[in-house]
Amino acid sequence: NAGVTQTPKFRVLKTGQSMTLLCAQDMNHEYMYWYRQDPGMGLRLIHYSVGEGTTAKGEVPDGYNVSRLKKQNFLLGLESAAPSQTSVYFCASSYLLAGGFPYNEQFFGPGTRLTVL
Amino acid sequence: AQSVSQHNHHVILSEAASLELGCNYSYGGTVNLFWYVQYPGQHLQLLLKYFSGDPLVKGIKGFEAEFIKSKFSFNLRKPSVQWSDTAEYFCAVNARGTTDSWGKLQFGAGTQVVVTP
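Residues numbered from 1 in each chain as written. Chains lettered and ligands numbered in written order. Predicted model: local features only at pLDDT ≥ 70, side-chain atom pairs only at ≥ 80, totals over all residues. Heavy atoms only, no water.

A short note on the interface of chain B and chain A
Here is step 1: Taken together, the 22 residues of chain B in the interface contact 22 residues of chain A.
Here is step 2: Together chain B and chain A conceal approximately 1800 Å² of surface at their shared face, both sides included; 60% is due to carbon and sulfur atoms.
Here is step 3: Counting every contact that joins chain B to chain A gives 1 salt bridge.
Here is step 4: Salt-bridge contacts for Glu105 of chain A lead to Lys49 of chain B; the nearest nitrogen and oxygen are separated by 3.9 Å.
Here is step 5: Counting across the chain B and chain A interface gives 3 residue pairs in polar contact (both at pLDDT 80 or more). (Contact = heavy atoms within 4.5 Å. Buried area = accessible area lost by both parts, 1.4 Å probe. Salt bridge = Lys/Arg side-chain N within 4 Å of Asp/Glu carboxyl O. Polar contact = N/O pair within 3.5 Å; in protein donor to acceptor, adjacent residues only side chain to side chain.)

Focus on the state of the cysteines
Put plainly, two cysteines are in a disulfide when a covalent bond ties their sulfur atoms together.
Residue and element names in this part refer to chain B.
Here is step 1: Under the counting rule described, the total for this entry stands at 2 disulfides over all chains.
Here is step 2: Put simply, Cys23 and Cys91 are joined by a disulfide, and their sulfur atoms are 1.9 Å apart. Across the S-S bond of Cys23 and Cys91 the torsion is about -65°, and the bridge reads as left-handed. Here Cys23, found in strand S4 (residues 23-25), pairs with Cys91, found in strand S10 (residues 87-95); they are 68 residues apart in sequence, far enough to count as distant. Cys91 carries the same exposure label as Cys23, and that label is buried. (Disulfide = S-S within 2.5 Å. Helix = DSSP H or I, 4+ residues; strand = E, 2+ residues; numbered from the N terminus. Buried < 20%, exposed > 50% of the residue type's maximum accessible area, 1.4 Å probe, protein only.)

Quick look at the pattern of salt bridges
Residue and element names in this part refer to chain A.
Here is step 1: With the rule as written, the count across this model stands at 8 salt bridges over all chains.
Here is step 2: Of the charged contacts in the structure, one is a salt bridge between Glu30 and Lys71, with a shortest N-O distance of 3.0 Å. Pair noted here: Glu30 is in the loop between strand S3 (19-25) and strand S4 (31-38) and Lys71 is in the loop between strand S7 (64-67) and strand S8 (73-78), with a separation of 41 residues, a long-range link.
Here is step 3: Judged by relative accessible area, which is 25%, Glu30 ranks as partly exposed.

Describing the pairing of S7 of chain A
All names here are of chain A.
Here is step 1: Alternating residues of S7 divide into Tyr64 and Val66, all buried, and Asn65 and Ser67, none buried.
Here is step 2: Inspection of the sheet shows S7 paired to S8 by 4 bridges, in the antiparallel sense. When the bridges of S8 are listed, Asn65 appears paired with Gly77.
Here is step 3: Counting the residues in the hairpin turn of S7 and S8 gives 5 residues. (Pairing = 2+ DSSP bridges.)

Comments concerning the nonpolar core
Here is step 1: Membership of the largest hydrophobic core comes to 28 residues, with the highest contact counts inside it found for Trp35, Leu48, Phe74, Leu76 and Tyr89 of chain B.
Here is step 2: Tyr89 of chain B has contacts with Gln6, Leu21, Trp35, Tyr36, Val37, Leu47, Phe63, Leu76, Gly110, Thr111 and Val113 of chain B, leaving out every residue within four places of it along the chain. (Core = buried A, V, L, I, M, F, W, Y, C linked by side-chain atoms within 4.5 Å.)

Focus: the packing of aromatic side chains
Residue and element names in this part refer to chain B.
Here is step 1: Scanning all chains against the criterion turns up 15 aromatic pairs over all chains.
Here is step 2: Ring plane angle 50° and centroid distance 5.9 Å describe the contact between Tyr36 and Phe107, whose orientation is recorded as tilted. Placement of Tyr36 in strand S5 (residues 31-38) and of Phe107 in strand S11 (residues 106-107) is noted, with a sequence separation of 71 residues between them. A single burial state applies to Tyr36 and to Phe107, both of which are buried.
Here is step 3: Consider the rings of Tyr50 and Phe67, whose centres lie 4.8 Å apart with planes at 40°: the pair is tilted. Residue Tyr50 is located in strand S6 (residues 45-50), and its partner Phe67 is located in strand S8 (residues 64-68); the two are separated by 17 residues in the primary sequence. Each member of the pair Tyr50 and Phe67 is classed as buried. (Phe/Tyr/Trp six-rings, centres within 6.5 Å; stacked < 30°, edge-to-face > 60°.)

Notes on the sheet that holds S3 of chain A
All names here are of chain A.
Here is step 1: Strand order in the open sheet formed by 4 strands is S1-S3-S8-S7, and the pairing between neighbours is antiparallel. The open sheet has two edge strands with one neighbour each: strand S1 (4-7) and S7. The sheet shows a mean angle of 20° between the axes of neighbouring strands, taken without regard to direction.
Here is step 2: One ladder, built from 4 bridges, connects S1 with S3; its direction is antiparallel. Counterpart to Thr7 in the pairing with S3 is Leu22. (Axes fitted to C-alpha atoms, helices over the stretch in contact; angles between N-to-C directions.)

Structure below.
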């Protein structure tokens, strides 16, 4: 199993450009998450999804959109990139225990380092 | 809203020294607790977790953590560190029983640990 994969690994954008980050997991997990990691701030949740076709806002959703058209994929979009979105972006997934209670151990991808000039 | 505090942002110690990293959280209800580690250039990996039962939990690579409910703490320890333990360590908390936090983790800011030979 590849686990959680992310593409691309690195990207440089100019202010105002758009892009999409792709996260894929092959573990059949129900839950998927997008985080950003900034020095001294830990990981902050951007958006998450509790299943195919559903998404919800996290702690810092402004400037980002997401889609979960297929269970294994979770896309993060930046419509108009800003320098404040320079960060490392991590995708994660987790699965449900029997009875539907989410097993909260999250499995992380390798990250995407994004620089916005 | 719940919060997670890690007391030390940077720790430098010599090989064979003992390590203890503090973590406190603000949520008053039942919690799931995690410590993740991020080695240089790599993604987050789970060190250990606590869901219920024995408050002293053992994880990988000789790490352990103790949950003290009365102190809202989940401190990480290792009796004798190695150079390969150089990494950033994150405490994370999930507040069980609240639909708003369903499946979501709140991360601390992280502690950068440097082990010198």
